[in-house]
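# An overview of the molecular structure
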Amino acid sequence: MRMLLRGAAALAAVVTVASLTSGAAAQPRTERAAGTIQSSAAAQIPPGVTAGVAVFDRESGTFTEQVNDSAQFRSASVVKLLLALDFLWGRGPDYIIPAADRARLEPMLRGSDDDAADHYWSTLGGSAIIKRMLGRPEVGLRDTAAPPAEYAGFWGYTALSARDTVAIYRYILEKAPAPVRTFIMDNLRRSTRCSTTDHFDQHFGIAGSFDRPWAVKQGWSGKYAKGTCGSQATPSATPAESGAAPRAAAVDLTRPALHTTGTVGANDRTIVAVLTLHAVGTSYGKAYTDIGRLTRSLNVPGGVRPAGTWFGTWGELVNVRKGPSTGDERITRLPAGVEVLVGCQTRGEVVSVPPYTNDWWAYLPQYGGFISNIYISSPDNRLPNVPDCA
């Protein structure tokens, strides 16, 4: 939610939940053996993070994780699922989507395009969309609410809970007509790493914690300074929210939000909804790392962890390149300070950041490229417990 969310940072009521301490940022976290995730005692919520979590195993018909799952969060771009459903509701019986709408809906679901959300919010009645969805018992929403009256044009201020997010996915997967299910889920499976509107890296949480198959709809909102994703991306000077500050509301509209939602495993076995708020001033990289740690701690049946070791990074606009050289093509730039999964390392071009030099490069399998080890939070040039690349 960026285009219509032009109002950030003011006093707002805070949803309070308990949090649990996670490991220190500089410590590598190894996820060696690929295989089905084992049960976890509880979701590990990093300090300073407010979270609502729901994980539902469709195979057993039970929740494996529930933490403050009825707490309301501003939805950010997760509400785009409801915008798509509302549009598709009247398409039957063949659910033919006009080309102009397909050109909007696909980027909205895959790349979280805001222009498309603006279009459907304005043409389909704004808050009336949410009221229509609340009136559909087959969806089963309990905690969802339209944006406050004074922010009726802000689709991202729709209130949503983790358990309602699970209900939306259950409707799509289990009750919606097959063409609706296929269209939405196929697009979520094709989620692009870079968002189309503001060049934020949106493969955090579910997308970073599990090997495919997965399908995701992510959301973010707050004073995140830069979107740097993509080979040609120029860091944006425009925050995710700007302009007049919102007044106090029943749902926190102030703290930066980052949400990861979707399905994990074969046949969309497990539905995962992790909604988070972070301290004012939190960077995108820090929030990205925290929601990743939280998501990796969850008991997600059918989920497979990628092999590798997690490390923190430092530096602004760190380039991921196709090879271990500054002359190799840039794939993307990392969010500042984000944690990354390292698969292997190799020697390459010497990189100097006085007083340090380093000729080791780390391969990041989730990006398909390399970064210099000089930007990884480790005291040694060669990373511990990381094999050499073949």
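Note that the structure is a prediction, hence the values are computed from the model and not measured.

A few words now on the packing of aromatic side chains. Centre distance and the angle of the planes are the two values used to describe a pair of aromatic rings. As enumerated under the stated definition, the model contains 16 aromatic pairs in all. Ring plane angle 80 degrees and centroid distance 5.1 Å describe the contact between Y224 and Y284, whose orientation is recorded as edge-to-face. Of this pair, Y224 sits in the loop between β6 (214-221) and β7 (257-264) while Y284 sits in helix α8 (residues 284-296), and the two are 60 residues apart along the sequence. Assessed through its relative accessible area of 0%, Y224 is described here as buried. For Y284, a relative accessible area of 6% corresponds to the buried category.

What follows covers the pairing of strand β3 (residues 62-67). Relative to β3, strand β2 (residues 50-57) is paired through five bridges, and the arrangement is antiparallel. Of the residues in β3, the one forming a bridge with V55 is E65. In this antiparallel pair of consecutive strands, β2 and β3, the connection spans four residues, and G61 shows a positive phi of 70 degrees.

Here the focus is helix α2 (residues 99-110). With twelve residues, α2 extends 16 Å between its outermost C-alpha atoms, agreeing within 8% with the 16 Å of an ideal straight helix rising 1.5 Å per residue. Among all positions in α2, only D101, L105, M108 and L109 are buried. The arc that holds every buried residue of α2, seen down its axis, measures 90 degrees, which confines them to one face. Away from the buried face of α2 by more than 90 degrees, exposed residues A99 and A103 are located. Here the buried face of α2 lies against α1 (80-89), α3 (114-123), α6 (178-189) and β6. The positive-phi residue at the C-terminal boundary of α2 is S112, with phi of around 55 degrees.

Here the focus is the state of the cysteines. Inspection of every chain in the model, using the stated rule, returns two disulfides. Note that C194 is cross-linked by a disulfide to C229, the S-S spacing being 2.0 Å. Between C194 and C229 the disulfide shows an S-S torsion of about -70 degrees. By sign, it is left-handed. Highlighted residues: C194 in the loop between α6 and α7 (206-209) and C229 in the loop between β6 and β7, separated in sequence by 35 residues. Note on C229: relative accessible area 2%, which makes it buried. C344 shares a disulfide with C389; S-S distance 2.1 Å. With the S-S dihedral at roughly 90 degrees, the linkage between C344 and C389 falls on the right-handed side. Here C344 is found in strand β13 (residues 344-353), whereas its partner C389 is found in the segment after β15 (369-372), with 45 residues between them in sequence.

Here we come to the confidence of the model for the protein. With 85% of its residues at a pLDDT of 70 or more, the protein has an overall mean of 87. For residues 1-41, every residue scores under 50 in pLDDT, and the model assigns this stretch 152 contacts once sequence neighbours within four places are set aside. Segment residues 237-245: pLDDT under 50, and 35 contacts once partners within four positions in sequence are set aside and those in other chains are kept.

Glancing now at the pattern of salt bridges. All chains considered together, the criterion is met by 20 salt bridges. A salt bridge links R170 to E174; its shortest N-O distance comes to 3.2 Å. Taken together, the residues R170 and E174, both in helix α5 (residues 162-174) and four residues apart, mark about one turn of the helix. According to the relative accessible area criterion, R170 is partly exposed, its value standing at 32%. Using a relative accessible area of 35% as the deciding quantity, one classes E174 as partly exposed. One salt bridge in this structure joins D388 and R382, with 2.6 Å as the shortest N-O distance. Given a relative accessible area of 36%, R382 falls into the partly exposed group. What emerges from the salt-bridge pattern is a single network uniting D57, E59 and R269.

Cut-offs and rules
- Along every chain, residues carry numbers that run from 1 in the direction the sequence is written.
- A pLDDT threshold of at least 70 governs which residues receive local features in this predicted model, and a stricter bar of 80 or more applies before side-chain atom pairs are shown or counted, although totals over entire chains, interfaces and linings include all residues.
- In computing side-chain values, all of the structure's heavy atoms are included and hydrogens and water are not.
- Only centres within 6.5 Å qualify two rings of Phe, Tyr or Trp (six-membered ring in Trp) as a pair; their planes then separate them into stacked at under 30 degrees, edge-to-face at over 60, and tilted for everything else.
- For helices the rule is a DSSP run of H or I covering at least 4 residues; for strands it is a run of E covering at least 2, with both sets numbered from the N terminus onward.
- To sort residues, take the accessible area from a 1.4 Å probe on protein chains only and compare it with the maximum for the residue type: under 20% means buried, over 50% means exposed, and anything in between is partly exposed.
- In this analysis, strands are considered paired if DSSP registers two or more bridges between them.
- The span expected for a helix works out to 1.5 Å for each residue beyond the first.
- What the arc covers is the set of directions going from the helix axis to the C-beta atoms.
- Contacts: residue pairs with any heavy atoms within 4.5 Å of one another.
- Two cysteine sulfurs form a disulfide in these notes if their separation is within 2.5 Å.
- Per residue, pLDDT captures the predictor's confidence, and it can take any value from 0 to 100.
- Only one rule defines a salt bridge in this text: a Lys or Arg side-chain nitrogen within 4 Å of an Asp or Glu carboxyl oxygen.

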